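Structural overview for review
If you want the building blocks of each chain, they are given just below.
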Amino acid sequence: MDQRELVERARRGDHDAFAQLVEASIGRLEAVARLILRDPELARDAVQDAYIRAWRDLPSLRDPDRIDHWLHRLTVNASLDVVRRRRRRPIEVDLAPMSSPIVADESRHVADRDTLERGFRRLRPEQRAILVLHYYLGLPASALAETLEIPHGTAQSRLYRALDDLRAALAAEERTTASFRHEVVA
Amino acid sequence: MTRFDALERDLTVWFDETAMPRRPDYTTEIIQSTAALRQRRWMSIERWFPMNVVEFRRRTFPPFPWRTAAVLVALLALLLAGLIYAGSQPRLPPPFGLAANGLVAYAKDGDIFTVDPGKGERRWVTSGDEVDAVPRWSLDGVRLAFLRGRSYADPGAISESAWRVVVVDRERNLLAESIPIAGIDPDAFAWSPDGRYIAVGGAHRTISIVDTVDGGVRPLDLVYDGLDFYWRPGHPSELLVRGLTKEGAGLYLVDVDRPGSADLVALDGDDYMRPNGWTPDGERFVFTRVADSPDAADPVSVRVLDMTTQAFVEIDAGFADVSNDGTRLLAIGRDRPCIASIDGGPCKSIADPARVFQGGFAGGTFWAPDDESIVASTDRGLEILDPAGGEAGRPPSWLTDGAESWQRLAR
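Residues numbered from 1 in each chain as written. Chains lettered and ligands numbered in written order. Predicted model: local features only at pLDDT ≥ 70, side-chain atom pairs only at ≥ 80, totals over all residues. Heavy atoms only, no water.

**Structural notes on the state of the cysteines**
All names here are of chain B. Summed over the entire model, instances satisfying the criterion amount to one disulfide over all chains. Sulfur-sulfur distance for the disulfide between Cys338 and Cys347 comes to 2.0 Å. Disulfide Cys338 to Cys347: torsion about the S-S bond roughly 90°, handedness right-handed. For Cys338, a relative accessible area of 1% puts it in the buried group. Residue classification places Cys347 among the buried residues on the basis of a relative accessible area of 17%. (Disulfide = S-S within 2.5 Å. Buried < 20%, exposed > 50% of the residue type's maximum accessible area, 1.4 Å probe, protein only.)

**Regarding the pattern of salt bridges**
Under the definition given, this model contains 37 salt bridges over all chains. Arg164 of chain B is the partner of Glu177 of chain B in a salt bridge, and the nearest nitrogen-oxygen pair spans 2.7 Å. Of this pair, Glu177 of chain B sits in strand β7 (residues 174-177) while Arg164 of chain B is found in strand β6 (residues 162-169), placing the two residues 13 residues apart along the sequence. Here Glu177 of chain B falls in the partly exposed class, since its relative accessible area comes to 30%. In this structure Arg164 of chain B comes out as buried when scored by relative accessible area, which is 14%. Within the structure, one salt-bridge network assembled from shared partners comprises Arg4, Glu8, Arg12 and Asp65 of chain A. (Salt bridge = Lys/Arg side-chain N within 4 Å of Asp/Glu carboxyl O. Helix = DSSP H or I, 4+ residues; strand = E, 2+ residues; numbered from the N terminus.)

**With respect to the sheet that holds strand β9 (residues 189-191) of chain B**
Each strand in a sheet pairs with another by means of backbone hydrogen bonds, the pair being arranged parallel or else antiparallel. Residues and elements named next belong to chain B. Pairing is antiparallel in the open sheet, where four strands are placed in the order β9-β10-β11-β12. Unpaired on one side and paired on the other, β9 and β12 (217-219) mark the two borders of the sheet. Strand-to-strand twist across the sheet, computed as the mean angle between neighbouring axes with direction ignored, equals 20°. Pairing analysis gives three bridges linking strand β11 (residues 206-211) to β12, with the strands arranged antiparallel. Following the sheet pairing, Ile209 is matched in β12 by Arg218. (Pairing = 2+ DSSP bridges. Axes fitted to C-alpha atoms, helices over the stretch in contact; angles between N-to-C directions.)

**Notes on the sheet that holds strand β23 (residues 328-333) of chain B**
All names here are of chain B. Ordered by their spatial adjacency, four strands build an open sheet running β22-β23-β24-β25, and the pairing between neighbours is antiparallel. Pairing within the sheet leaves two strands with one partner each, and these edge strands are β22 (318-322) and β25 (344-349). Between one strand and the next, the sheet's axes are offset by a mean angle of 30°, whatever the strand orientation.

**Some details on the environment of Gly13 of chain A**
All names here are of chain A. Among the structural elements, Gly13 can be located in the loop between α1 (3-11) and α2 (15-37). Given a relative accessible area of 35%, Gly13 falls into the partly exposed group. Considering only alpha carbons, one finds Gly13 and Arg56, 43 residues apart in sequence, at a separation of 9.5 Å.

**Things to note about the interface of chain B and chain A**
With 41 residues of chain B at the contact, the number on the chain A side is 56 residues. Across the interface of chain B and chain A, roughly 4,800 Å² is buried in total on both sides, 59% from carbon and sulfur atoms. If you look at where chain B meets chain A, you find three salt bridges. A salt bridge links Arg22 of chain B to Glu30 of chain A, with the shortest nitrogen-to-oxygen separation between them at 3.8 Å. Linking chain B with chain A are 15 residue pairs in polar contact (both at pLDDT 80 or more). Within the residue set of the side of chain B that touches chain A, elements represented by two or more residues are α1 (7-19), α2 (27-35) and α3 (51-60) of chain B. (Contact = heavy atoms within 4.5 Å. Buried area = accessible area lost by both parts, 1.4 Å probe. Polar contact = N/O pair within 3.5 Å; in protein donor to acceptor, adjacent residues only side chain to side chain.)

**A look at the nonpolar core**
By size, the foremost hydrophobic cluster in this structure holds 64 residues, and its most contacted members are Tyr51 and Leu131 of chain A together with Leu11 and Phe15 of chain B. Among the elements that line this core, the one with the most residues is α2 of chain A, at 13 residues. The contact partners of Leu11 of chain B, leaving out residues within four places of it in the chain, are Leu116, Leu131, Tyr135, Leu163 and Leu166 of chain A. (Core = buried A, V, L, I, M, F, W, Y, C linked by side-chain atoms within 4.5 Å.)

**What to know about the packing of helix α6 (residues 125-136) of chain A against α1 of chain B**
One can describe the packing of α6 of chain A onto α1 of chain B by two numbers: an axis separation of 9 Å at closest approach and a directional angle of 90°. Regarding the angle of α6 of chain A to α1 of chain B, the classification is roughly perpendicular. Within the contact between the two elements, α6 of chain A uses Leu131, Val132, Tyr135 and Tyr136 of chain A and α1 of chain B uses Glu8, Leu11, Thr12, Phe15, Asp16 and Ala19 of chain B. Class assignment of the residues belonging to the contact of α6 of chain A with α1 of chain B gives a composition of seven nonpolar, one polar and two charged. (Parallel < 35°, antiparallel > 145°, perpendicular 65-115°, else oblique. Nonpolar A, V, L, I, M, F, W, Y, C, P; charged D, E, K, R; others polar.)

**Brief notes about the environment of Arg84 of chain A**
All names here are of chain A. On the secondary structure map, Arg84 appears in helix α4 (residues 67-85). Its relative accessible area of 47% is what places Arg84 among the partly exposed residues. Sequence spacing of Arg84 and Pro125 is 41 residues, and the spatial spacing of their C-alpha atoms is 9.6 Å.

**Some details on the pairing of β22 of chain B**
All names here are of chain B. Among the five residues in β22, four count as buried, and that is most of the element. Strand direction decides the pairing type here: β22 and β23, joined by three bridges, are antiparallel. When the sheet's bridge partners are listed, Gly318 is paired in β23 with Ile332. Between β22 and β23, which pair antiparallel one after the other, the connecting turn spans five residues, and Gly326 there sits at a positive phi close to 80°.

**Overview of the packing of aromatic side chains**
Applying the stated rule across the entire model yields twelve aromatic pairs over all chains. Relative to Phe113 of chain B, the ring of Tyr106 of chain B lies with its centre 5.5 Å away and its plane at 15°, an arrangement referred to as stacked. Like Tyr106 of chain B, the residue Phe113 of chain B is buried in the burial classification. These aromatic residues form a ring-pair network of at least three members: Phe18, Tyr51 and Trp55 of chain A. Stacked on the ring of Tyr197 of chain B, the Lys or Arg Arg218 of chain B has its end atom at 5.1 Å from the ring centre. The aromatic ring of Tyr272 of chain B is capped on one face by Arg242 of chain B, whose charged end is 4.1 Å from the ring centroid. (Phe/Tyr/Trp six-rings, centres within 6.5 Å; stacked < 30°, edge-to-face > 60°. Lys NZ or Arg CZ within 6 Å of the ring centre and 35° of its normal.)

**Looking at the side chain of Arg11 of chain A**
Residue and element names in this part refer to chain A. Topologically, Arg11 is positioned in helix α1. Of the side chains bearing the opposite charge, Glu8 lies closest to the buried Arg11, which forms no salt bridge; the N-O distance is 5.6 Å. Separated by 2.8 Å, the side chain of Arg11 and the backbone oxygen of Leu61 make a polar contact. (Lys, Arg positive; Asp, Glu negative; His and termini not counted.)

**Some words on the confidence of the model for chain B**
Averaged over every residue, the pLDDT of chain B is 86; the share at 70 or more is 87%. In the model output, the complex is listed with pTM 0.57 alongside ipTM 0.82. (pLDDT = per-residue confidence, 0-100.)

Here you go:
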């Protein structure tokens with residue numbers, strides 16, 4: 001059974017079909033939420049919220065072929081909602097790598113990833129989301145626009161702005177690190 | 001070159017490395033929890049159609065942007081409501097400057113009337129046993145104030161009785177009424193620019209400030225030295241009066257909201273200063289200098305004083321009345337009304353020299369709000385004068401019973 005048929009059946013209340021859709025997409029959505037939120041527990045909350053909304057509102061989905069965009073949008077929105085709900089509480093920062101990639105120059109690459117991690121965390125959640133959708137899921141600007149329900153030009157400008165802000169955040173991180181090293185040497 | 005020149009590539013790699021998509025251990029929990037939930041009711045009739053039909057319809061007829069339309073409709077409704085509200089509000093004239101002519105108020109036989117100069121229609125504002133006198137329109141033309149007392153013999157008696165200040169709206173509804181004030185000088189009865197106060201001069205050399213909202217009365221800490229007084233345009237609480245302090249008698253500028261604020265503007269000295277009014281910008285004040293001795297070579301002159309530089313121009317006439325637009329003065333020159341520029345120069349006669357014009361008291365002459373005509377008291381009664389010097393002709397019938405205050409309307 002293809003995805004389109006699953007969606008049509010799920011729209012008509014077939015929960016088994018919906019379960020198959022969940023199994024097929026949850027790995028991707030969980031990764032998206034985790035990349036945006038940088039916290040596995042928050043990501044879990046966001047993914048649960050996204051699927052609950054998906055099941056409840058599935059009958060309103062007009063085009064089954066757009067199920068992926070729709071699920072991405074629900075996940076992003078749920079992630080941002082989680083941030084908003086928990087803004088009053090400090091989010092635990094997990095500085096440990098989320099996985100252990102095998103790289104040639106381990107020490108150099110870890111340093112880059114730590115800097116990336118800290119710089120990425122400096123971005124607003126909305127900016128993190130658009131970077132994840134574009135550079136992780138590979139959505140082009142037109143798909144970003146559709147997923148986030150914003151005009152195409154707005155999607156492009158938000159993407160460039162997020163990237164610029166990330167560059168600035170990374171430069172700031174590098175300056176901080178260099179200053180710290182200088183103090184240690186001195 | 002920094003390590004992040006290839007940031008976009010690094011970002012992709014970093015995301016791929018750290019995301020590690022996997023089936024989370026709470027997947028079953030999600031599936032079970034959603035199974036217990038009901039889906040929302042169908043939101044579209046499309047559900048009942050085959051998908052290919054829905055798709056065809058969607059491609060052929062793009063979905064109507066209900067949300068945008070709703071926002072537009074809401075904005076239009078707001079705009080419409082705003083326009084209706086603004087349209088329903090009466091446009092008000094500025095307190096100073098040119099305005100359109102409205103109704104003329106006057107007192108007759110102890111009651112207040114208004115007359116429409118255009119149509120000649122008369123309307124009773126007050127009636128009853130008590131005596132009402134000295135009607136004065138507020139500067140925005142919305143309210144009418146007058147004096148109310150228990151006895152009345154002739155206008156001169158006003159200054160010998162106790163009067164209440166009464167404020168009504170255009171529909172004759174009572175808005176405020178003060179406690180009795182002794183011996184009000186009918187010359188000294190003036191609305192403040194914002195309509196908050198009415199200043200009245202009375203017996204025992206007092207100036208009373210009447211609150212037009214609650215009718216409260218408070219005395220001003222300045223000895224009143226008679227004659228009319230004028231609120232300063234652009235300064236809602238500043239009043240120019242003839243007063244008396246230890247510096248002497250003369251013209252004083254006082255802030256009615258600030259005790260002890262009286263500033264001397266012009267000291268009497270050997271002359272006597274009579275206030276005549278402000279230019280509408282509040283920058284120049286006009287007054288008449290009257291020599292104490294009638295034998296003086298230069299017995300009367302009008303002075304236009306610049307309040308900033310204290311420089312003044314002198315005009316050979318007396319008892320001026322400033323036009324609403326602030327460019328001209330109506331004055332009495334050699335017993336004839338004349339018009340002079342506010343900047344000085346000769347005062348050119350505009351009326352019959354055979355008549356005696358009574359410009360020497362407040363209300364003796366006054367400009368129509370549009371500056372097209374002047375109401376003047378003569379020995380034959382009220383007349384309408386043309387500021388341009390045209391023939392006055394017979395007085396219009398609406399002027400027969402009196403004219404004391406001309407309502408200002410928005411132009």
